[in-house]
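Residue-level structure breakdown
The primary structure of each chain is shown beneath.
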Amino acid sequence: MKILVVNAGSSSLKYQLFDMETETVLAKGLCERIGIDGALTHKRSGKPDYKCTDALPDHKAAIELVLKTLIDKELGVIKSVDEISAVGHRFAHGGEKLRASAVLGADEIAYLESIVELNPLHGPPAISGFKACKEVMPSINHVGVFDTSYYSDMEEKAYIYPIPYELYEQYRIRRYGFHGTSHRYVAGKAAELLGNKNAKIITCHLGNGSSITATVNGKAIDTSMGFTPQDGVPMGTRSGAIDPTVVTYIQKAKGISAEEADTILNKQSGLLGVSGISSDCRDVATAAEGGNKRAKLALDILVHNAKKIVGSYVAEMNGVDALVFTAGIGENDRELRAEICRDMSWLGIEMDEKANATCPRGEIADVTANGGKTKVFVIPTNEEYMIALDTLNLTK
Ligand code: ADP
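One structure accompanies this document, and this report is about it. (Residues numbered from 1 in each chain as written. Predicted model: local features only at pLDDT ≥ 70, side-chain atom pairs only at ≥ 80, totals over all residues. Heavy atoms only, no water.)

When its secondary structure is counted, the protein chain shows 15 helices and 14 strands. By the compact-globule yardstick of 21 Å for 396 residues, the protein chain fits well, its C-alpha radius of gyration being 21 Å. The principal-axis extents of the C-alpha atoms in the protein chain amount to approximately 60 × 55 × 45 Å. The proportion of buried residues among the 396 residues of the protein chain is 50%. Pairs at least 24 residues apart make up 60% of the contacts formed inside the protein chain by residues separated by at least 6 positions. About 18,900 Å² of surface is accessible on the protein chain, with carbon and sulfur atoms providing 51% of the total. Taking the average location of the 44 positive side-chain charges in the protein chain and that of its 51 negative ones, the two points are 2 Å from each other. (Helix = DSSP H or I, 4+ residues; strand = E, 2+ residues; numbered from the N terminus. Rg over C-alpha atoms; globule rule 2.2 N^0.38 Å. Buried < 20%, exposed > 50% of the residue type's maximum accessible area, 1.4 Å probe, protein only. Contact = heavy atoms within 4.5 Å. Areas by Shrake-Rupley, 256 points an atom, 1.4 Å probe, with all protein chains shown as cover. Lys, Arg positive; Asp, Glu negative; His and termini not counted. Charge placed at Lys NZ, Arg CZ, Asp CG, Glu CD.)

Strands sit in the order 5-4-3-2-1-6-8-7 across an open sheet of 8 strands; the sheet is mixed. Looking along the sheet, the strands with just one partner apiece sit at the ends: strand 5 (50–52) and strand 7 (102–103). Pairing of strand 4 (residues 39–43) with strand 5, which is carried by 3 bridges, proceeds in the antiparallel orientation. Among the inter-strand pairings, His 42 is bridged to a residue of strand 5, identified as Tyr 50. (Pairing = 2+ DSSP bridges.)

Tallied over the entire structure, the rule returns 0 disulfides. Note on Cys 281: no disulfide assigned, nearest cysteine sulfur contributed by Cys 204 at a separation of 14 Å. The exposure class assigned to Cys 281 is buried, which follows from its relative accessible area of 8%. Free of any disulfide, Cys 359 has its nearest neighbouring cysteine sulfur in Cys 341, separated by 12 Å. Residue classification places Cys 359 among the buried residues on the basis of a relative accessible area of 8%. (Disulfide = S-S within 2.5 Å.)

Around the ligand, the neighbouring residues are Gly 207, Asn 208, Gly 209, Asp 280, Cys 281, Arg 282, Ala 327, Gly 328, Ile 329, Asn 332, Asp 333 and Arg 361. One of the side-chain nitrogen or oxygen atoms of Asp 280 is found 2.4 Å away from an oxygen atom of the ligand. Taking Gly 328, its main chain carries an N or O atom lying 2.9 Å from an oxygen atom of the ligand. Considered on its own, the ligand offers 580 Å² of accessible surface; in the complex 67% of this is hidden by protein. Cavity membership is defined here by more than half of the atoms lying within 2 Å of grid points; on that basis the ligand lies in the second largest pocket. For the shell around the ligand, the secondary-structure elements that each account for two or more residues are helix 10 (281–289) and helix 12 (327–332). No other element matches the 4 residues that helix 12 contributes to the shell around the ligand. For the shell around the ligand, a count of residues per class yields 3 nonpolar, 5 polar and 4 charged. (Near = heavy atom within 4 Å. Polar contact = N/O pair within 3.5 Å; in protein donor to acceptor, adjacent residues only side chain to side chain. 1 Å grid on protein atoms, 1.4 Å probe; cavity = no way out; pocket = protein on both sides within 12 Å on 5 of 7 lines; lining within 4 Å. Sits in = over half its atoms within 2 Å of the grid points. Nonpolar A, V, L, I, M, F, W, Y, C, P; charged D, E, K, R; others polar.)

Attention shifts here to the nonpolar core. With 40 residues, the main nonpolar core has Ile 202, Ile 212, Leu 299, Val 310, Leu 323, Phe 325 and Ile 349 as its most contacted residues. Elements represented by at least two residues in this core include exactly strand 9 (200–206), strand 10 (210–216), helix 10, helix 11 (293–317), strand 12 (322–326), helix 13 (334–341) and strand 14 (375–378). Of all the elements, helix 11 adds the most residues to this core, at 11 residues. Excluding residues that lie within four positions of it along the chain, Ile 212 makes contacts with His 183, Ile 202, Thr 203, Cys 204, Asp 222, Thr 223, Ser 224, Val 233, Ala 306, Ile 309, Val 310 and Tyr 313. Ranked by size, the runner-up nonpolar core spans 30 residues in total, among them Ala 158, Tyr 185, Val 186 and Ile 379. (Core = buried A, V, L, I, M, F, W, Y, C linked by side-chain atoms within 4.5 Å.)

This part covers the sheet that holds strand 13 (residues 365–366). One open sheet accounts for 6 strands, arranged 11-10-9-12-14-13; its pairing is mixed. Pairing within the sheet leaves two strands with one partner each, and these edge strands are strand 11 (219–223) and strand 13. Contacting strand 9, strand 10, strand 11 and strand 12, helix 11 crosses the sheet at an angle of about 15 degrees to strand 10. (Axes fitted to C-alpha atoms, helices over the stretch in contact; angles between N-to-C directions.)

This paragraph deals with the packing of helix 10 against helix 11. Between helix 10 and helix 11, the shortest axis-to-axis distance is 7 Å and the interhelical angle comes to 125 degrees. By the angle between their axes, helix 10 is oblique relative to helix 11. Like other packed secondary-structure pairs, helix 10 and helix 11 cross with a definite hand, here left-handed. Here Cys 281, Val 284, Ala 285, Ala 287 and Ala 288 of helix 10 lie close against helix 11, whose contacting residues are Ala 295, Lys 296, Ala 298 and Leu 299. Split by residue class, the contact of helix 10 with helix 11 holds 8 nonpolar, no polar and 1 charged. (Parallel < 35°, antiparallel > 145°, perpendicular 65-115°, else oblique. Left-handed = near helix turned anticlockwise from the far one by under 90°.)

Let us now look at the environment of Ile 160. Relative to the assigned elements, Ile 160 resides in the loop between helix 4 (156–159) and helix 5 (165–171). Expressed as a C-alpha distance, the spacing of Ile 160 and Arg 172, which sit 12 residues apart in the sequence, is 9.6 Å. The contact partners of Ile 160, leaving out residues within four places of it in the chain, are Tyr 165 and Tyr 168.

Within this model, the second largest pocket holds a volume of roughly 760 Å³. Forming the walls of the second largest pocket are 29 residues, and the residues nearest its centre are Cys 281, Arg 282, Gly 328, Ile 329 and Asp 333. Residue assignment for the lining of the second largest pocket shows that the elements contributing at least two residues are helix 10, helix 11, helix 12 and helix 13. Considering only residue class, the lining of the second largest pocket consists of 10 nonpolar, 8 polar and 11 charged. (Points joined across faces, edges and corners; volume = space filled by probe spheres on them.)

Next up on the list: the pairing of strand 2 (residues 13–19). Here strand 2 lies mainly inside the structure; 6 of its 7 residues are buried. Where strand 1 (residues 2–8) and strand 2 come together, 7 bridges link them in antiparallel fashion. Counted as the bridge partner of Leu 4 is Leu 17 from strand 2. Relative to strand 3 (residues 24–32), strand 2 runs antiparallel, the two sharing 7 bridges. Within strand 3, the residue paired with Leu 17 across the bridge is Ala 27. Where strand 2 folds back onto strand 3 in an antiparallel hairpin, the turn is made up of 4 residues, including Glu 23, whose phi is positive at roughly 50 degrees.

As structure tokens, then:
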């Protein structure tokens, strides 16, 4: 069975075509500058990338170009669009009702449209992407996979904020959690490696956006992102958790609007805000190595906060069987992984720093110190595969 995975953003559409019999990616790519001019990059293994700049006025034009490329005699990997059995769509937010991946019908789309206020950046383009794909491929299943649904089983005490309860009832203000598809994938792999479905696992998805999740018995019990992806660990340009009063104080002190304060905390904070250099961890690390104090401080704050969250989850779960690192920073930045694990032996977390420094990139690695009570793994994430798998399971 061939499954197409689509991740639509406001001006972009990423795709991967999976052959689920062989569990391989036949082709993948990215449409960019949708609604501006248009650019497609199409990749197949062993062949040079194909780029084209056909006009892409909207998401429908983008998906039509993707399908045309996938069946093209020279560039394509399938003979006909009919070979695609189903499409899996990534949604950042499934609200409180879409608690698991689901075949998208009129009810699901009406609900997703009703919650765009909770998710103004990702919701509308993801819905447009779905509608465009449905129009072009009307007779097959379209499945929605929601980043939030992994957190559907969290207890109220983990998701209700200690603010007037009416704000939850009226505006659905609560912790939702994000990156769930990534945490579900790597926590599942870690449980497999441990041979224990009931394991207590902490997964650190550290990338441009970062979150840390605690999983017990295959279910997330807590996570660092909250009502929005702004909470938790400091990120590339987002502050992560801060005293909420800082927001209103900045507004008053600078005489700025709520939107402007939001921009400061979302786009000008985190690694970029503290270092003043870059939101990219590699640039910040290079500057820190070169003696830049604020770059070093930005990384120290990231490590300090990640350690605090990991420690709090060990306390919540009364132990931890595995600590997992994933995503751009988690998979690649050996120094940061080592810093986070340093001086955690009292909690049972001990890393073999040599194994950590030499483990190959892009592969699963066990970097636990000899005798370490808690396994420390590096596990490359694969959200697209998880979306394809859910789509397959709901289509079979
Ligand atoms: P996104 O959240 O956009 O998917 P990624 O998971 O790709 O982001 O992570 C991007 C982050 O990963 C950047 O801060 C980048 O510097 C970092 N990163 C990527 N490769 C490396 C590397 N080899 N060493 C250190 N950091 C890396």
